[in-house]
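# Architecture and fold: a report
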Amino acid sequence: MLGVFRVLCLFAVFEAVCLLDTGMLFPRESSSREVKELNGRWDFRADKSPNRNQGFEKAWYKSRLAETGPVIDMPVPASYNDITQDPTLRDFIGWVWYEREVVVPARWIADEGTRVVLRVGSAHYYSVVWVNGVKVTEHNGGHLPFEAEIGSLIRKDPTQPCRITIAVNNTLTLDTLPPGNIQHMDDHTKYPDGFFVQNIYFDFFNYAGIHRSVLLYTTPKAYVDDITVVTDFLDNTGLVYYKVSVQGAATATLKATLMDKNGRCVASSSEPSGVLKVVDVNLWWPYLMHENPAYLYSMEVRLMATDSRSTYEDVYTLPVGIRTVNVTSTQFLINNKPFYFHGVNKHEDSDIRGKGFDWPLIVKDFNLLKWLGANSFRTSHYPYAEEILQMCDRHGIVVIDECPGVGIKDIRSFGNSSLTHHLAVMDELVRRDKNHASVVMWSVANEPAAEMPPADFYFKTLIKHTKALDPSRPVTFITDSNYARDRGAPYVDVICVNSYFSWYHDPGHLEVIPIQLKTQFENWYGKYQKPIIQSEYGADAVAGFHSDPPVMFSEEYQKAVLQSYHNVLDQKRKQYVIGELIWNFADFMTVQGITRVVGNKKGIFTRERQPKAAAFILKERYWRLANETGRLPVWTKYPCSF
């Protein structure tokens, strides 16, 4: 009877996850789909006119960009800020214009039963897209994909090249995520005409441009638009609740086939929604928690549809990890086993590329994560590339998936327009990432001014909305507020706390850490009775700077801060602390200022991914924690063998 009740509850959860009405499946090639990357060199121009609006006033999109003025080479994907030697471009605020002419395969154009879709993985911040001078879409917000169907447009004149123009504006306002504001300096005795600055409320560089791949991909006219999966298990039977959304056909036949790693069919169905039952299931386990972590099945969805003109077949394959997530007042459970987060916070940040997607860097970072013994990270402070989450699925790295709600400090950013946009961003984030086994929790904001009166309604609405989108995962936001005044904490499932004792508070006084950290945990748990993650802690260290006794900015001081935190964490993790995430995985760039010398130096690795002394402290700790809490194969018990 308990099993039946649990299944009914899972169906209710599943229906909630299907609330969104359109899909955003990651483009994958199959027998019915093709993908063409448009990465590489694009023509580029920054609109440096006083009002930054000349490109629209003179309609640069109506002809080749090079015909309306000078252009320079710009790589895609990449931030534009660090590519040139032009200092005005590094800190440029306003519209920039990208253009590329593309050769579209003739068969795509000839077959009117083929949809041709233009997709931008991410552009920061506001984007408008034209094809051959015709506007096809616009998108508000960075870090998430957007797309438009362009088949009918490019078929109007098959002899004409496909000219793609993308205008991107990185201006941040009080209503954007993250927020910011433009400040004009009108004192002509101090500033030149038209001088203004972009004020931001977050501590990382506001890189801009087309940050992820631009693609053309195809589907048949009748196609699989979306797939939603929610997983569970009873005893040794895995349960995959699924729903397939179809577009372009009033009626269609479907077959969903779940295959194991060897390509063997373990379950199938001919219904558009239902449950696939897997006998002797291999569960998806986090890295270092099981001898067979990160097991992924493949769910192949095959669609057949017919209209008066043709028969269409579409095939899409989705990786599926079968696992559960639950939260109690003192524990975080994955597959009903206590899970302790020992991981990192990261940034999409590197030399020259800025936030541009870069496979070598991603693979290097995953090698470092596994060397470190880290089992998790938070996507601070925005959604990361889909390919990174796919790597997490494949390697068993657990993810706290965070939206770009960082720096919400001004009371005007708690208004209705801000909230409406924030809700829309959560819609897009959940729609994109809902099927990733590695994603175990949503984070709706980082360090907002949660003590302000409007924050109560704002976060109550935001968190309720996110839980309605996906009841299968807990929701948090990251706080640095006083526990007694925080207006968002009552609504979250897990308390995530950032603190920097002996750094921003009582700088240089290591002796305060044990007292203040213990008090922090006891106050938060005493008030809310919810499990706690130490979601940020750390200290800046300049690589190669040494001092004994330790002083701030030395590698020794960074080590001492970590060790003091760890002593308290070891006491509290036996009670209600469920994780610790170091700030930060690697040094990263920030705006210029008197508190930052070429960026934030809190990384345990340099920006070039070389270890500081703290990396070895953390490696020793994380492997000890893994050996205490996990079920490791023999070879992983000796990390020096990597």
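Residues numbered from 1 in each chain as written. Predicted model: local features only at pLDDT ≥ 70, side-chain atom pairs only at ≥ 80, totals over all residues. Heavy atoms only, no water.

## Here we look at the overall build of the protein
Across its full length, the protein carries 12 helices and 32 strands. Its C-alpha atoms give the protein a radius of gyration of 25 Å, within 12% of the compact-globule value 26 Å for 642 residues. Partitioning the contacts of the protein with sequence separation of at least 6, the portion at a separation of at least 24 is 73%. Of the accessible surface of the protein, which amounts to about 25,500 Å², a share of 53% is contributed by carbon and sulfur atoms. Distance between charge centroids for the protein: 3 Å, based on 68 positive and 73 negative side chains. (Helix = DSSP H or I, 4+ residues; strand = E, 2+ residues; numbered from the N terminus. Rg over C-alpha atoms; globule rule 2.2 N^0.38 Å. Contact = heavy atoms within 4.5 Å. Areas by Shrake-Rupley, 256 points an atom, 1.4 Å probe, with all protein chains shown as cover. Lys, Arg positive; Asp, Glu negative; His and termini not counted. Charge placed at Lys NZ, Arg CZ, Asp CG, Glu CD.)

## Description of the packing of helix 10 (residues 513-528) against helix 11 (residues 555-572)
As a packed pair, helix 10 and helix 11 sit with axes 9 Å apart at the nearest point and diverge in direction by 40°. Classified by the angle between their axes, helix 10 and helix 11 sit oblique to one another. The two elements helix 10 and helix 11 meet at a crossing, and its hand is right-handed. Contacts between helix 10 and helix 11 pair Ile 513, Pro 514, Leu 517, Lys 518, Phe 521 and Glu 522 from the former with Val 561, Ser 564, Tyr 565, Val 568, Leu 569 and Lys 572 from the latter. (Axes fitted to C-alpha atoms, helices over the stretch in contact; angles between N-to-C directions. Parallel < 35°, antiparallel > 145°, perpendicular 65-115°, else oblique. Left-handed = near helix turned anticlockwise from the far one by under 90°.)

## Examining the environment of Gly 94
By secondary structure assignment, the location of Gly 94 is in the loop between helix 3 (87-90) and strand 4 (95-102). Separated by 446 residues in sequence, Gly 94 and Asp 540 place their C-alpha atoms 32 Å apart. Every residue in contact with Gly 94, bar those within four places of it in the chain, is listed here: Arg 52, Val 168, Asn 169, Asn 170 and Thr 171.

## Quick notes on a nonpolar patch on the surface
Together, Val 542, Phe 545, Val 551 and Phe 553 line one region of the surface with nonpolar side chains, adding up to about 290 Å² of accessible area. Examined against the element boundaries, Phe 553 turns out to sit in the loop between strand 31 (532-536) and helix 11. You can call Phe 553 partly exposed: its relative accessible area is 34%. (Patch = residues over 30% accessible without salt bridge, like charges linked within 9 Å, V, L, I, M, F, W, Y side chains within 5 Å. Salt bridge = Lys/Arg side-chain N within 4 Å of Asp/Glu carboxyl O. Buried < 20%, exposed > 50% of the residue type's maximum accessible area, 1.4 Å probe, protein only.)

## Remarks on the sheet that holds strand 17 (residues 253-259)
One open sheet accounts for four strands, arranged 18-17-20-21; its pairing is antiparallel. Because the sheet does not close on itself, it has two edges, and the strands there are strand 18 (265-269) and strand 21 (311-320). Looking at each pair of strands side by side, their axes are set apart by 15° on average, direction ignored. (Pairing = 2+ DSSP bridges.)

## Here's the deal with unusual backbone geometry
The omega torsion across Val 76 and Pro 77 is 5°, close enough to zero to call that bond cis. Tracing the sequence through the fold places Pro 77 in the loop between strand 3 (72-76) and helix 3. The linkage connecting Ser 380 with the following residue, His 381, adopts the cis geometry, with an omega of -10°. Mapped onto the elements of the fold, His 381 is located in the loop between strand 26 (376-378) and helix 7 (386-395). The backbone of Asp 235 sits at a positive phi, close to 55°, despite the residue not being glycine. Along the polypeptide, Asp 235 turns up in the loop between strand 15 (223-234) and strand 16 (237-247). The exposure class assigned to Asp 235 is exposed, which follows from its relative accessible area of 74%.

## Looking at helix 9 (residues 454-469)
Counted at 1.5 Å a residue, the expected span for helix 9 with its 16 residues is 22 Å, and the 23 Å between its end C-alpha atoms agrees. Of the positions making up helix 9, those classed as buried are Ala 455, Tyr 458, Phe 459, Leu 462, Ile 463, Thr 466 and Leu 469. Angularly, the buried residues of helix 9 cover 120° about the axis, an arc narrow enough to put them on a single face. Among the exposed residues of helix 9, those pointing more than 90 degrees away from its buried face are Phe 457 and Lys 464. (Expected span 1.5 Å × (residues − 1). Arc of directions from axis to C-beta.)

## Notes on the packing of aromatic side chains
Working definition: an aromatic ring pair is given by the centre-to-centre distance plus the angle between the planes. Taken as a whole and judged by the stated rule, the model has 34 aromatic pairs. Centre to centre, the rings of Tyr 458 and Phe 459 are 5.2 Å apart; their planes meet at 70°, and the pair counts as edge-to-face. Per residue, the accessibility class of Tyr 458 equals that of Phe 459, and both read buried. Taken together, the ring pairs connect Phe 56, Trp 60, Tyr 61, Trp 95, Trp 97, Tyr 126 and Trp 130 into an aromatic cluster. Directly above the aromatic system of Tyr 287 lies the positively charged group of Lys 370, at a separation of 5.2 Å from the ring centroid. Residue placement shows Lys 602 over the ring face of Tyr 500; its charged tip is 5.6 Å from the ring centre. (Phe/Tyr/Trp six-rings, centres within 6.5 Å; stacked < 30°, edge-to-face > 60°. Lys NZ or Arg CZ within 6 Å of the ring centre and 35° of its normal.)

## Observations regarding the UniProt feature "domain: Glycoside hydrolase family 2 catalytic" (unreviewed entry) in the protein
The sites that UniProt annotates as "domain: Glycoside hydrolase family 2 catalytic" (unreviewed entry) are residues 325-626. Segment residues 325-626 splits into 35% helix and 16% strand. End C-alpha atoms: 19 Å apart. (UniProt positions renumbered as here; feature names shortened; annotations may be inferred.)

## Points about the sheet that holds strand 19 (residues 273-279)
Taken in spatial order, the three strands line up as 15-16-19 in an open sheet, and their pairing is antiparallel. Edge positions in the open sheet fall to strand 15 and strand 19, since each of these has one partner strand only. Going across the sheet, the axis of each strand differs from the next one's by a mean of 25°, ignoring polarity. Looking at chain direction, strand 16 and strand 19 are connected through seven bridges and run antiparallel. Across the sheet, residue Tyr 241 finds its bridge partner in strand 19, namely Val 275.

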